[in-house]
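# A structural walkthrough
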Number of protein chains: 2
Amino acid sequence: MAEQSKKWVLMVTAQTPTNIAVIKYWGKRDENLILAINDSISVTLDPAHLCTTTTVAVSPDFDQDRMWLNGKEISLAGGRYQNCLREIRARASDVEDEKKGIKITKNDWQNLHVHVASYNNFPTAAGLASSAAGFACLVFSLAKLMNVQEDNGRLSAIARQGSGSACRSLFGGFVKWVMGKEEDGSDSIAVPLVDEKHWDELVIIIAVVSSRQKETSSTSGMRDTVETSSLIEHRAKEVVPKRIIKMEEAIQNRDFPTFAQLTCSDSNQFHAVCMDTTPPIFYMNDTSHRQKVLTGCQLFRIIGCVEKWNCSEGTPQVAYTFDAGPNAVLISRNRKAATLMLQRLLFHFPPNSDTDLNSYVIGDKSILKDAGIQDIKDVDALPPPPEIKDKIPAQKYRGEISYFICTRPGRGPVLLTDESQALLNPETGLPK
Amino acid sequence: MAEQSKKWVLMVTAQTPTNIAVIKYWGKRDENLILAINDSISVTLDPAHLCTTTTVAVSPDFDQDRMWLNGKEISLAGGRYQNCLREIRARASDVEDEKKGIKITKNDWQNLHVHVASYNNFPTAAGLASSAAGFACLVFSLAKLMNVQEDNGRLSAIARQGSGSACRSLFGGFVKWVMGKEEDGSDSIAVPLVDEKHWDELVIIIAVVSSRQKETSSTSGMRDTVETSSLIEHRAKEVVPKRIIKMEEAIQNRDFPTFAQLTCSDSNQFHAVCMDTTPPIFYMNDTSHRQKVLTGCQLFRIIGCVEKWNCSEGTPQVAYTFDAGPNAVLISRNRKAATLMLQRLLFHFPPNSDTDLNSYVIGDKSILKDAGIQDIKDVDALPPPPEIKDKIPAQKYRGEISYFICTRPGRGPVLLTDESQALLNPETGLPK
């Protein structure tokens, strides 16, 4: 490495969104490279409400690669981190910062260690695809630090090796993960379909059922499905390809009824192949976790509530989709529908009386305002949705939802140039 | 009709078992004739614990066909009843009873009306395939009354037109419903695979989660699945035929591990295609029925409990299967396994303290005795199953199961010659 006049730390900070699949990824054809058995399509969520911020730093004084997640140091020994670091280093280029008197050549990167600090602006444990945003942000920020001369599509193939769904977080709007054909996975990349402005009427409400519990390990789950389900191959080879074509069309044409039908059906089919797995995978498959059981039931109740409303309206107002995580994602066709959806959600799932409404509905609070809800009293005053015509009084499930996040389709990764947003100290390269 | 010396009532009483499918029937190719889209296999349950008793009577004094179910008169106007009555009358033969001085010719039956009284020795509402036993018993008893000269296989094709699964209740042991090819359904019949003595080590425990609720309408449910699921056709055409062959082999060889694997997988796949339906079908798909939601959760908890135990034993001890009804059916490889299963069930699902154990575990109580359980105190004293190694204490769900029925594979329909068991008064032909 070139002689340096003085000690130095070079840093880059980036912000990357999370995403939610509307055509689901479930099943790998290569466990190590993380290659999917079918294409998938996702919507990127507004980083203003859900994102990962990552600062990566390099310095000749660092004696090992280190990472801190939400302030707590974690190990980088895992194969997925190592794969990402290796692939990025292999593509590093010369970096020169005359002001700081720093000169790093392509080969120097093999011997320089990095520090990584990452922070999610949402509960990591809530299963909101934090690993997707996390690995996307790690790869994106490292690529900028090491001056990697590749576009986000190429970078997505690296992020994919950290977490499959991470590749879709390299772009905003609606994104397709093309499964690809190559053995080395070089063509298994994310491609942007439309940007976040293309369909900006959409409003997304996330019901976080329980942030207490860990995300189910989708890695072992999808392995079991591929090995034991007699339906997954038919889904991957026959069903999904047709849905991908229809979904791309629906997104291009902003055709909400088709979009909703495909989104809900594919979410349900994902859970169907999980159920067809031996042993079956479902939210309540662990008798020792009562919370988990409740979680599953809450989600199913939300589906019932959406199905009933859509049916009564004659045309879909809201699409639902939910992953292996404990959350329901509800995509409304516009603000009006989102407002009515939120009223229904708050009617069925009011917060505990001691909950502050401000912490119960977070994100874009203007939806709450449109719904005419200022405080808990307004929630308790909500009338039953008109579509409920049951003899039995409508059920309420107070306190069984942790909180709601109101958001929308959002942009892809960005660099944060304002040093004050860095998570590492520019002098020491350690967490602030 | 021949001159009669005096007024008369001619009666027949029969008893028919219920059955539980181990390879599921879900989906019709003909709604009116009730023709399935795949073969199915069931085990007949011991009528000593679960059966329908039906008395049919004929008299020149009856001015219309009438039926009483569990003492309450019900309408015979429904197409399914009419189909069964029409098909049986079309096959009636001469009947002569010299002692009573009765002579009925083939053609008389078209003008004679019948009275039917039917009684289930288990809660009709509990979804224990009461319609299967009911229609099987109706057809069987009418056939005997009208001296129909056809074997149970032919009769099964008539019972099938009342309720699809009813055709499998015409035989004991393990029974296959062959879907058939003919448009008129003449070859869509039940065939006995092995009788109830072939595999008599099996012990069957039924967990009745809630006898309060009605069975989900499987007719509309399976119609929706056939019309909207993109997996059901693959299941019916590709998956089930292979499973039928394997299952017949497993039953012939009393190969419990294979039997259990197929039974559990097919139950889960049945629920998977229900989930793949638009709108999705699952236990908790109606937000207004809290009980229904709990029901689903209880069943999933039972699966988790069985899966965990089977896994810890290395080889399956118990197979689970559950239908659209609210009950779990657990088939144990032998008495020992059934005893250990019952202990686990009672540990996780103890009755409410005010419940009498005698009404909480019914049927073959010797299993309870083998489990060393005399009263509620013994239930509360049950230790957690050794396979539970969770940090969190094992969950208990007191009072969330209505009761358990211990039974076994059983015989097919029989005539009850003892007049005291008749449900109709031999003089009046009205319910006793």
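By the naming in an unreviewed UniProt entry, chain A is Diphosphomevalonate decarboxylase, taken from Capsicum baccatum. The record in UniProt for chain A states the following under Function (unreviewed entry): "Performs the first committed step in the biosynthesis of isoprene-containing compounds such as sterols and terpenoids." One UniProt comment on chain A, placed under Sequence similarities (unreviewed entry), says "Belongs to the diphosphomevalonate decarboxylase family."

Moving on to the overall build of chain A. Within chain A, the secondary structure is distributed over eleven helices and 19 strands. Scored against the burial criterion, the 432 residues of chain A give a buried share of 60%. Within chain A, contacts between residues at least 6 apart in sequence are counted, and of these 76% link residues at least 24 apart.

Here we take up the environment of B:Val116. All names here are of chain B. Among the secondary structure elements, Val116 is positioned in strand 11 (residues 113-120). Once the C-alpha coordinates of Val116 and Arg66 are considered, the two residues, 50 residues apart in sequence, prove to be 6.2 Å apart. Setting aside chain neighbours within four positions, we find Val116 in contact with Thr54, Thr55, Val56, Arg66, Met67, Trp68 and Leu138.

The subject of this paragraph is the sheet that holds strand 2 (residues 19-23) of chain A. All names here are of chain A. With antiparallel pairing, four strands are arranged side by side in an open sheet as 2-5-12-13. If you trace the sheet from one side to the other, it starts and ends with strand 2 and strand 13 (190-194), each paired once. Sheet twist, expressed as the mean angle between neighbouring strand axes with direction ignored, is 35°. Across four bridges, strand 5 (residues 40-44) lies against strand 12 (residues 174-177) in antiparallel orientation. Within strand 12, the position partnered with Ile41 by the bridge is Lys176. Here helix 6 (residues 256-275) sits on the sheet and contacts strand 2 and strand 12; the angle it forms with strand 2, its principal contact strand, is near 100°.

Further remarks concern the side chain of A:His198. By the element assignment, A:His198 lies in the loop between strand 13 and strand 14 (203-208). Non-local contacts of A:His198, meaning those with residues more than four positions away in its chain, are made with A:Ile251, A:Gln252 and A:Arg254.

Two faces make up the sheet, and in a regular strand the side chains alternate between them. In terms of residue burial, strand 5 of chain A counts as a mostly covered element, since five of its five residues are buried. Side-chain alternation along strand 5 of chain A places A:Ser40, A:Ser42 and A:Thr44 on one buried face and A:Ile41 and A:Val43 on a second face that is also buried.

All names here are of chain B. Looking at helix 4 (residues 218-228), one finds that the buried residues are Gly221, Met222 and Thr225. Relative to the axis of helix 4, the buried residues are bounded by an arc of 90° and lie together on one face. Looking at the packing, one finds that the buried side of helix 4 touches strand 3 (28-30), helix 5 (232-252) and helix 6 (256-275).

Moving on: the pattern of salt bridges. All names here are of chain A. Tallying each qualifying case throughout the model produces 38 salt bridges over all chains. Taking the shortest distance from any N to any O, the salt bridge between Arg235 and Asp266 comes out at 2.7 Å. Residue Arg235 is found in helix 5 (residues 232-252), and its partner Asp266 is found in helix 6; the two are separated by 31 residues along the sequence. By relative accessible area, which is 0% here, Arg235 ends up buried. Residues joined in a network through salt bridges with shared partners are Asp46, Arg335, Asp364, Asp370 and Arg408.

Residues and elements named next belong to chain B. Summarising burial for strand 1 (residues 10-17): eight of the eight residues are buried, a large majority. Residues Leu10, Val12, Ala14 and Thr16 of strand 1 are buried on one face, and the alternating residues Met11, Thr13, Gln15 and Pro17, pointing to the opposite face, are buried as well. Taken together, the eight bridges between strand 1 and strand 6 (residues 51-59) define a ladder with antiparallel strand orientation. Each bridged residue has a counterpart across the sheet, and for Thr13 the counterpart in strand 6 is Thr55. Pairing of strand 1 with strand 19 (residues 414-415) involves two bridges; the strand directions are antiparallel. Among the inter-strand pairings, Gln15 is bridged to a residue of strand 19, identified as Val414.

Right, let's get into the sheet that holds strand 16 (residues 327-332) of chain A. All names here are of chain A. Ordered by their spatial adjacency, five strands build an open sheet running 15-16-14-18-17, and the pairing between neighbours is mixed. Each having just a single partner strand, strand 15 (318-321) and strand 17 (361-363) make up the two edges of the open sheet. Taking the axes of each pair of neighbouring strands and ignoring which way they run, one obtains an average angle of 25° across the sheet. Packed onto the sheet, helix 6 meets strand 15 and strand 16 and runs at close to 20° relative to strand 15.

What counts, and where the lines are drawn
Residues numbered from 1 in each chain as written. Chains lettered and ligands numbered in written order. Predicted model: local features only at pLDDT ≥ 70, side-chain atom pairs only at ≥ 80, totals over all residues. Heavy atoms only, no water. UniProt positions renumbered as here; feature names shortened; annotations may be inferred. Helix = DSSP H or I, 4+ residues; strand = E, 2+ residues; numbered from the N terminus. Buried < 20%, exposed > 50% of the residue type's maximum accessible area, 1.4 Å probe, protein only. Contact = heavy atoms within 4.5 Å. Pairing = 2+ DSSP bridges. Axes fitted to C-alpha atoms, helices over the stretch in contact; angles between N-to-C directions. Arc of directions from axis to C-beta. Salt bridge = Lys/Arg side-chain N within 4 Å of Asp/Glu carboxyl O.

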